[in-house]
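# Report on the structure
As a plain string of letters, each chain reads:
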Amino acid sequence: MSDDEQQTRADFDGAVNMTASELRHWLDTDESKSVGQKPDGGGESTGHESGRHIVRILEKKQGDYTDDDYAHMRKVVGYVARHSEQRPSGDVHDTPWRYSLMNWGNDPEKG
């Protein structure tokens, strides 16, 4: 594994604080499906699709990661960092902001 891949994995592990099981369960909820940018014709949001890819990554052995997996890990790290900076004031438990982050594998209430 290259240094870049090691760093990507470390950054991904820092950004994604939900297990594959937690994320899979979350993605089945109406709240998960209610947020995010959807293609013009509707359908699955970008974040929801990302969540499904994250589950696949979390269920793989590290040696089985593809270049596409590493690219997605970098995308996840960037999204979580940017979206976290936009935290609204007050209780965020039942907010689209939290739901969007959770679609990307990060539950801000987990700390």
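To be clear, the structure that these remarks concern was listed above.
Small disclaimer: the values here were computed from a predicted structure and weren't measured.

Cut-offs and rules
Residues numbered from 1 in each chain as written. Predicted model: local features only at pLDDT ≥ 70, side-chain atom pairs only at ≥ 80, totals over all residues. Heavy atoms only, no water. Helix = DSSP H or I, 4+ residues; strand = E, 2+ residues; numbered from the N terminus. Buried < 20%, exposed > 50% of the residue type's maximum accessible area, 1.4 Å probe, protein only. Contact = heavy atoms within 4.5 Å. Areas by Shrake-Rupley, 256 points an atom, 1.4 Å probe, with all protein chains shown as cover. Lys, Arg positive; Asp, Glu negative; His and termini not counted. Charge placed at Lys NZ, Arg CZ, Asp CG, Glu CD. Patch = residues over 30% accessible without salt bridge, like charges linked within 9 Å, V, L, I, M, F, W, Y side chains within 5 Å. Salt bridge = Lys/Arg side-chain N within 4 Å of Asp/Glu carboxyl O. Polar contact = N/O pair within 3.5 Å; in protein donor to acceptor, adjacent residues only side chain to side chain. Phe/Tyr/Trp six-rings, centres within 6.5 Å; stacked < 30°, edge-to-face > 60°.

### Points about the overall build of the protein
- Looking only at helices and strands, the protein features six helices and zero strands.
- Seen along its three principal axes, the alpha-carbon backbone of the protein occupies a region of about 40 × 30 × 25 Å.
- The proportion of buried residues among the 111 residues of the protein is 40%.
- When contacts within the protein are restricted to residue pairs at least 6 apart in sequence, long-range pairs at least 24 apart make up 63% of them.
- When the accessible area of the protein is evaluated, it comes to approximately 6,500 Å², of which 45% is carbon and sulfur surface.
- Looking at the protein, you have 14 positive and 22 negative side-chain charges, and the mean spots of the two groups are 2 Å apart.

### A word on a negative patch on the surface
- A cluster of acidic residues, Asp-30, Glu-31, Asp-91 and Asp-94, forms a negative patch at the surface.
- With respect to the secondary-structure elements, Asp-30 resides in helix α3 (residues 30–33).

### Thoughts on the environment of Glu-109
- Inspection of the secondary structure puts Glu-109 in the segment after α6 (96–103).
- Apart from the residues within four sequence positions on either side, Glu-109 is in contact with Asp-91, Val-92, His-93 and Arg-98.
- Within the local environment of Glu-109, its side chain forms a polar contact with the side chain of His-93, the two groups lying 2.7 Å apart.

### Here's the deal with the packing of aromatic side chains
- Under the counting rule described, the total for this entry stands at three aromatic pairs.
- An angle of 45° between the planes, with centres 5.4 Å apart, marks the rings of Trp-26 and Tyr-99 as tilted. Placement of the pair is Trp-26 in helix α2 (residues 20–27) and Tyr-99 in helix α6, with a sequence separation of 73 residues. Like Trp-26, the residue Tyr-99 is buried in the burial classification.
- Measuring from ring centre to ring centre gives 5.6 Å for Tyr-65 and Tyr-70, while their planes differ by 90°; the resulting arrangement is edge-to-face.
- Classification of Tyr-65 by relative accessible area gives buried; the value is 11%.
- In this structure Tyr-70 comes out as buried when scored by relative accessible area, which is 6%.

### Here we look at the pattern of salt bridges
- Enumeration according to the criterion identifies eight salt bridges in this entry.
- A salt bridge links Arg-9 to Asp-13, with the nearest nitrogen and oxygen atoms 2.9 Å apart. Separated by four residues within a single helix, Arg-9 and Asp-13 lie in helix α1 (residues 3–15), roughly one turn from each other.
- On the basis of relative accessibility, which here comes to 15%, the residue Arg-9 falls in the buried class.
- Given the relative accessible area of 41%, Asp-13 is considered partly exposed.
- Note that Lys-110 is salt-bridged to Glu-22, the shortest N-O span being 2.8 Å. Of this pair, Lys-110 sits in the segment after α6 while Glu-22 sits in helix α2; the two residues are 88 residues apart in sequence, bridging distant segments of the chain.
- Taking relative accessible area as the criterion, Glu-22 reaches 34% and is therefore assigned partly exposed.
- A single salt-bridge network, built from bridges that share partners, covers Arg-98, Asp-107 and Glu-109.

Honestly, it's all geometry; don't read function into it.
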